[in-house]
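Inside the fold
Single-letter residue listing:
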Amino acid sequence: MNEIMNLLYLVVVLGITGVSLFVVYHILRYSLSRKKAIEGAVLFISVFLFLLFTNMILFSQLDWRSILGTAANTTL
Amino acid sequence: MKPTETKNITFPGKHDRETVIAVIHRHWFDMFSHLLTGILMGMVLLGSLAVLPALYPDIAAGQHAAFFFFMENTFLLFLWVYLFLIWIDVYFDVWIITDERIVNIEQKGLFVRHISELRFSQVQDVTSEVEGIIPSILDYGEVFVQTAGEQTRFIFRNVPNPIGIKDLVMRLASDAREDDIEEAVKLLHETKRPGMFS
């Protein structure tokens, strides 16, 4: 069960990271001012990396067997 | 019109000697209204961090707590990216007025970008429009530029100080026409033959 969730999580992380790369690319490529491009990119990347890092830590602490087992017992 | 920092502005197709006079983005309230859904979702998420554990104490215990915070964090992560996607769509719509032309760059999503330009000599008429209570109070609206080109109407959407922009475009169009007339007269005199203009 944990392996399946790990795989799903990896797909989600890769997806959101891919979209974020597009966001950073657009900010840097299409901003009219170099200064604002860098400020925007730094703001986005710093908050994104913080949220992603904490997300990974929180995910690593989850025991899916316990969570899904509890959920199944509650439903039944 | 509020002076904008135009010194270091560059855009695709800018000529070397072209001077940027104004860079116009959509009005801040228009951007805010696009971002409002995301902002409200963020407030609900942050509020739920305090409210849900109080209403359902089981959420704050053991694996449930870890799962709860994981889901909150995941939603926040997606929301952050979503807000920036909206921001890119709205903020990167820009109208650049130079001493030669108006350039309109419209960003539609991540993968579609339209760039159009209008030379001042093609400007026939300029109209500004402010409709509604909030646009009237905050002074934003649309500017319509009637053209002689393929694209018959050039539109500035939800821009601040539309009357100021209209006046600026009219003045620049008038100057361009005077320059064109002067150039035409000069050319005519250079090619003058005996008997012409006697």
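See above for the structure.
Residues numbered from 1 in each chain as written. Chains lettered and ligands numbered in written order. Predicted model: local features only at pLDDT ≥ 70, side-chain atom pairs only at ≥ 80, totals over all residues. Heavy atoms only, no water.

1. With respect to unusual backbone geometry
At Asp139 of chain B, a residue that is not glycine, the phi angle is positive and equals roughly 60°. Positionally, Asp139 of chain B belongs in the loop between α3 (133-138) and β6 (140-147). (Helix = DSSP H or I, 4+ residues; strand = E, 2+ residues; numbered from the N terminus.)

2. Points about the nonpolar core
Residues Ile27, Phe44, Phe48, Phe59, Leu62 and Trp64 of chain A together with Phe70 of chain B are the most contacted members of the largest nonpolar core, which totals 25 residues. Only α1 (2-30), α2 (34-60) and α3 (64-75) of chain A together with α2 (62-91) of chain B provide two or more residues apiece to this core. When residues no more than four places from it in sequence are discounted, the contact partners of Phe44 of chain A are Ser20, Val23, Val24 and Ile27 of chain A together with Trp80, Val81 and Phe84 of chain B. Judged by nonpolar contacts, the second largest core, of 20 residues, contains Ile102, Leu118, Val123 and Leu168 of chain B. (Core = buried A, V, L, I, M, F, W, Y, C linked by side-chain atoms within 4.5 Å. Buried < 20%, exposed > 50% of the residue type's maximum accessible area, 1.4 Å probe, protein only. Contact = heavy atoms within 4.5 Å.)

3. As for the packing of aromatic side chains
Going through the model one piece at a time under the given rule, you end up with 20 aromatic pairs over all chains. Judged by centre distance (5.8 Å) and plane angle (85°), the rings of Trp64 of chain A and Phe67 of chain B are edge-to-face. On the criterion of chain membership, the pair formed by Trp64 of chain A in helix α3 and Phe67 of chain B in helix α2 is interchain, its members lying in two chains. Owing to a relative accessible area of 7%, Trp64 of chain A belongs among the buried residues under this scheme. (Phe/Tyr/Trp six-rings, centres within 6.5 Å; stacked < 30°, edge-to-face > 60°.)

4. A closer look at the side chain of Glu106 of chain B
Residue and element names in this part refer to chain B. Structurally, Glu106 can be placed in strand β3 (residues 101-108). The buried category is assigned to Glu106, whose relative accessible area is 15%. Ignoring any residue separated from it by four or fewer positions in sequence, one finds Glu106 in contact with Asp93, Val112, Arg113, His114 and Arg157.

5. Observations concerning the pairing of β3 of chain B
Residues and elements named next belong to chain B. When you tally the buried positions in β3, you get seven out of eight residues, the bulk of the element. The pairing of strand β2 (residues 94-98) with β3 spans four bridges and is antiparallel. Across the sheet, residue Trp95 finds its bridge partner in β3, namely Asn104. Hairpin connection from β2 to β3: two residues lie between these consecutive antiparallel strands. As defined by bridge partners, β3 adjoins strand β4 (residues 112-119) across eight bridges and the pair is classed as antiparallel. By the bridge assignment, Arg101 is partnered in β4 with Arg119. Count of turn residues in the β3/β4 antiparallel hairpin: three residues, of which Gly109 carries a positive phi of about 75°. (Pairing = 2+ DSSP bridges.)

6. Quick notes on the interface of chain A and chain B
Many analyses report the size of an interface as the accessible area lost when the parts associate. At the junction of the two partners, chain A supplies 32 residues and chain B supplies 29 residues. Between chain A and chain B lies a buried interface of about 2700 Å² when both sides are counted; carbon and sulfur atoms form 78% of it. Of all residues in chain A, His26, Leu32 and Leu51 of chain A bury the most surface against chain B, accounting for 25% of the area lost on that side. At the junction of chain A with chain B, the criterion picks out zero salt bridges. At 12 residues, the largest contribution of residues to the side of chain A that touches chain B is made by α2 of chain A. Residues that form the side of chain A that touches chain B fall into these classes: 20 nonpolar, 10 polar and two charged. (Buried area = accessible area lost by both parts, 1.4 Å probe. Salt bridge = Lys/Arg side-chain N within 4 Å of Asp/Glu carboxyl O. Nonpolar A, V, L, I, M, F, W, Y, C, P; charged D, E, K, R; others polar.)

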